Structures are given as structure tokens and as C-alpha cells.
Amino acid sequence: MAIIHGRQLIVKKNGAAIAAQKSCDIDVRCAGIPVSSPTQGQWENNIAGKKSWSITCNTLVTALASNVSMVGQTVTISCNVGNDSVSGTALITGWKVTGTIGNLAQAVATFLGSGPLT
């Protein structure tokens, strides 16, 4: 088993690598549906519900206007590590820019999955 280094994880939006990506979070979740049990009446049991996913990328800022206009768009997003990858359709829900004196401007792009991440 090989360990994956962060620099090997490349996020692509519509087939093009997201420019100046510094880090990435992939969050895959499954909702729990509470159910009851005839033998454990006082305790909640859960079964698997719907799955969801989101991706957050931290990048260096390379443009303002084109990135502002991408919020609200639906894109195909993929995450690649060598020959291993996952992809899906996502809604771009946010783009936050932070600029501080003495540092490079940075941004956080948020993608909310729409359908499966396969």
C-alpha cells in the first residue's frame, strides 16, 4: 500500500486542473436514519440514509472576475492521484478570497456534489 502525498492530489474542474491549488478537502458523508428496536427501546439505532459529498480547495488567487462569475455554476469535478480518480457533478457554492499584507492572496472554492462521486 502506497501513502498518498498531498501534492499528488490534483483537483480538476471541467478537465482542467484548478490553478495554484494548495490543499484540498474531500468530505463524503452518509446520513443516519434513526430507527427503533424491539430489544433496545430506550436506545436509538441508525440505518444508512442518503450519501452526500463536497470538495473544498484552497488556492492562490490568479484572477478575480472569472472566479466570482463561476459561483452558481454546475461543473464536472475530478480528483486524481496517479491512475486513481473519482469524479462527479458539483455546484460551485462559494469562492472566498483572503488578502493580507505581506502574503499572497488566497482563495477557498467550495463544490457541493450533485449525484454520486464515482
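The structure this text deals with has already been given above.
Keep in mind that what you see is a predicted model, and the values were worked out from it rather than measured. (Residues numbered from 1 in each chain as written. Predicted model: local features only at pLDDT ≥ 70, side-chain atom pairs only at ≥ 80, totals over all residues. Heavy atoms only, no water.)

Before going further, it helps to spend a moment on the overall build of the protein. Each helix and strand counted, the protein has one helix and seven strands in total. Across the protein, helices and strands are ordered from the amino to the carboxyl terminus as β-β-β-β-α-β-β-β. Radius of gyration (C-alpha) of the protein: 18 Å, far over the 13 Å computed for a compact globule of 118 residues. Counting all 118 residues of the protein, 21% fall into the buried class. Pairs at least 24 residues apart make up 57% of the contacts formed inside the protein by residues separated by at least 6 positions. Between the averaged position of the 8 positive side-chain charges in the protein and that of its 4 negative side-chain charges there is a distance of 10 Å. (Helix = DSSP H or I, 4+ residues; strand = E, 2+ residues; numbered from the N terminus. Rg over C-alpha atoms; globule rule 2.2 N^0.38 Å. Buried < 20%, exposed > 50% of the residue type's maximum accessible area, 1.4 Å probe, protein only. Contact = heavy atoms within 4.5 Å. Lys, Arg positive; Asp, Glu negative; His and termini not counted. Charge placed at Lys NZ, Arg CZ, Asp CG, Glu CD.)

For the rest of this paragraph, the subject is a nonpolar patch on the surface. Together, Ile33, Val35 and Ile47 make up a nonpolar patch on the protein surface, roughly 220 Å² of accessible area in all. Looking at the secondary structure, you find isoleucine 47 in strand E4 (residues 45-60). Residue classification places isoleucine 47 among the partly exposed positions, given a relative accessible area of 45%. (Patch = residues over 30% accessible without salt bridge, like charges linked within 9 Å, V, L, I, M, F, W, Y side chains within 5 Å. Areas by Shrake-Rupley, 256 points an atom, 1.4 Å probe, with all protein chains shown as cover. Salt bridge = Lys/Arg side-chain N within 4 Å of Asp/Glu carboxyl O.)

Moving on to the nonpolar core. Within the largest apolar cluster, 16 residues are counted, with the highest numbers of intra-cluster contacts made by Val11, Ile55, Cys57, Ile77 and Phe111. Those elements that provide at least two residues to this core are E4, strand E5 (74-81), strand E6 (84-98) and strand E7 (106-113). Discounting chain neighbours no more than four positions away, the residues touching phenylalanine 111 are Lys13, Ile18, Ser54, Ile55, Cys57, Val75, Ile77, Ala90, Leu91, Ile92 and Thr93. (Core = buried A, V, L, I, M, F, W, Y, C linked by side-chain atoms within 4.5 Å.)

Here we come to the pairing of E4. With 13 bridges joining them, strand E3 (residues 21-35) and E4 adopt antiparallel strand pairing. Within E4, the position partnered with valine 35 by the bridge is asparagine 45. Bridge analysis of E4 against E7 gives seven bridges, and the strand direction is antiparallel. Bridge pairing in E7 places leucine 60 opposite glutamine 106. (Pairing = 2+ DSSP bridges.)

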